[in-house]
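# Commentary on secondary and tertiary structure
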Amino acid sequence: MTEQVRLRPHKVYQSETMEGLEEDRPCAKWRLACGLHSYNLRDVCTWSLLKTILMGQVLSLLICGTAVSCQYLADAKVETPMLQSFLNYALLLLVYTTILCFRKDERNIIEILKTKWWKYLVMGLADVEANYAVVKAYQFTTLTSIQLLDCFVIPVLMLLSWFLLKTRYRLVHFVAVGVCLLGVGAMVGADILAGRDQGSRSDVVLGDGLVLLSAVLYAVSNVCQEYTVKNLSRVEFLGMMGLFGTVISGIQLVVLESKAVAAIQWDLHISMLFALYALCMYALYSFMPVVVKMTSATAVNLSMLTADLFSLFCGIFLFHYMFSTLYIVSFVIITVGFIMFNAVPTYSALPESSSSENEDPAADATSSRLLSLDGEYQRTETVTDVAAM
């Protein structure tokens, strides 16, 4: 009698579960694939997401500051991209590499160089050459080509993150990237209508190749950055970037720009422009790892797609660019795509490793909930299939 009492509710439960899952299985699978299961408006509109959006726009504003200072330097006939990069890396060296020098044990710069010097050399080389290649491309191709081809960094980043960081994406993430690229298309269309599709066409193939090369190098650098700040520390990444970036850019500066630097007519105006560029780049490099640790390198690059729009808005007032409502449409579309990408968290195929810095509790909790829901769905589906047999 006791066994019957125990077994009967169990059979009823399995039957009800099977019927419920038979009705909801297509919808449940679709929502699981998209990453939308168990999410409502309160899950999306969180302070963490708002903070991510705001921090991403701060990065875009810093890039805008570098673009405006570069435009003023170009108007003054000063074209020394390697000198400008060298100043940024020198500031990183002064601050973060110095901190590493005073650390003890395995976190000291000597211990880091003994075991990982070649990794940071590759990272520094990729970052320096990416900056140089994209600036050089302006001499050969058009602004429109650069804006479009520069977006190539995002699919390369997702591919590298998939294989190297074991990051797994949902369908909604790919849709979000498509929405952001649609916003870039609207921005390029606005540029063409405003007559900003200008640039030297002496060797378009070479220019476009340089843009694609810079996108790949940026992707390599950003993936290395994401791994370092999430598994080691932000200070280690910036300190080693400052060390190797200063050495590499310094060598290229001497080889490529000695005459250009000697020809600069230094005055207060030129000095202030160099200082503005260096400080904006230093702030960008210092702040970007914080946002990368909260989200991912892919999400950060999506948020920085609005940097061109901020530069254009500044150009309307400073350089008398023509205004187009497509710029506003582009900004809204890119922002919507960025929100879509961050509303559903990605997850890793590998167990998370401990970091030397505090992780974001909200992000960890959301990711854990997503993984647990996946596991629960898979376990429930398995029980149903067994019961059906």
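Residues numbered from 1 in each chain as written. Predicted model: local features only at pLDDT ≥ 70, side-chain atom pairs only at ≥ 80, totals over all residues. Heavy atoms only, no water.

What follows covers the pattern of salt bridges. Tallying each qualifying case throughout the model produces 3 salt bridges. As a salt-bridge pair, E111 and K114 come within 3.7 Å of each other at their nearest N and O atoms. Here E111 pairs with K114, and both are found in helix α5 (residues 109-137), just 3 residues apart, close to one helical turn. A salt bridge links K230 to E226; the nearest nitrogen and oxygen atoms lie 3.2 Å apart. Here E226 and K230 lie together in helix α9 (residues 204-231), a separation of 4 residues that amounts to about one turn. Judged by relative accessible area, K230 falls into the partly exposed class, the value being 22%. Judged by its relative accessible area of 5%, E226 falls in the buried class. (Salt bridge = Lys/Arg side-chain N within 4 Å of Asp/Glu carboxyl O. Helix = DSSP H or I, 4+ residues; strand = E, 2+ residues; numbered from the N terminus. Buried < 20%, exposed > 50% of the residue type's maximum accessible area, 1.4 Å probe, protein only.)

Let's shift gears to the side chain of Q84. Inspection of the secondary structure puts Q84 in helix α4 (residues 81-101). Not counting residues up to four positions away in its chain, the partners in contact with Q84 are C70, L73, F274 and Y277. (Contact = heavy atoms within 4.5 Å.)

Among the structural elements, L125 can be located in helix α5. Along the sequence, L125 and I248 sit 123 residues apart, while their C-alpha atoms lie 6.8 Å from each other.

The subject of this paragraph is the packing of α4 against helix α12 (residues 268-294). Orientation of α4 relative to α12, taken along the N-to-C sense of each, is 55 degrees, at an axis distance of 9 Å. On the basis of the axis angle, α4 is oblique to α12. Here α4 runs over α12; the crossing is right-handed. Two secondary-structure elements touch here, α4 through L83, Q84, S85, L87, N88, Y89, L91, L92, V95 and Y96 and α12 through F274, Y277, A278, M281, Y282, Y285 and S286. (Axes fitted to C-alpha atoms, helices over the stretch in contact; angles between N-to-C directions. Parallel < 35°, antiparallel > 145°, perpendicular 65-115°, else oblique. Left-handed = near helix turned anticlockwise from the far one by under 90°.)

Between α4 and α5, the shortest axis-to-axis distance is 12 Å and the interhelical angle comes to 160 degrees. In terms of orientation, α4 and α5 fall into the roughly antiparallel class. The element α4 and its partner α5 pack so that their crossing is right-handed. Mapping the contact onto sequence places P81, M82, S85, Y89, T97, L100 and C101 in α4 and I109, I112, D127, V128, N131, Y132 and V135 in α5.

The subject of this paragraph is the confidence of the model for the chain. On average, the chain scores 78 in pLDDT, and the residues at 70 or more come to 75%. Element-level mean pLDDT values for the chain span from 42 in helix α16 (residues 361-388) up to 95 in helix α10 (residues 234-256). Considering only residues more than four positions removed or in separate chains, one finds that residues 1-23, a stretch of pLDDT under 50, has 9 contacts. A low-confidence stretch, residues 352-389 stays under pLDDT 50, and its non-local contacts, those more than four residues away or across chains, total 56 contacts. (pLDDT = per-residue confidence, 0-100.)

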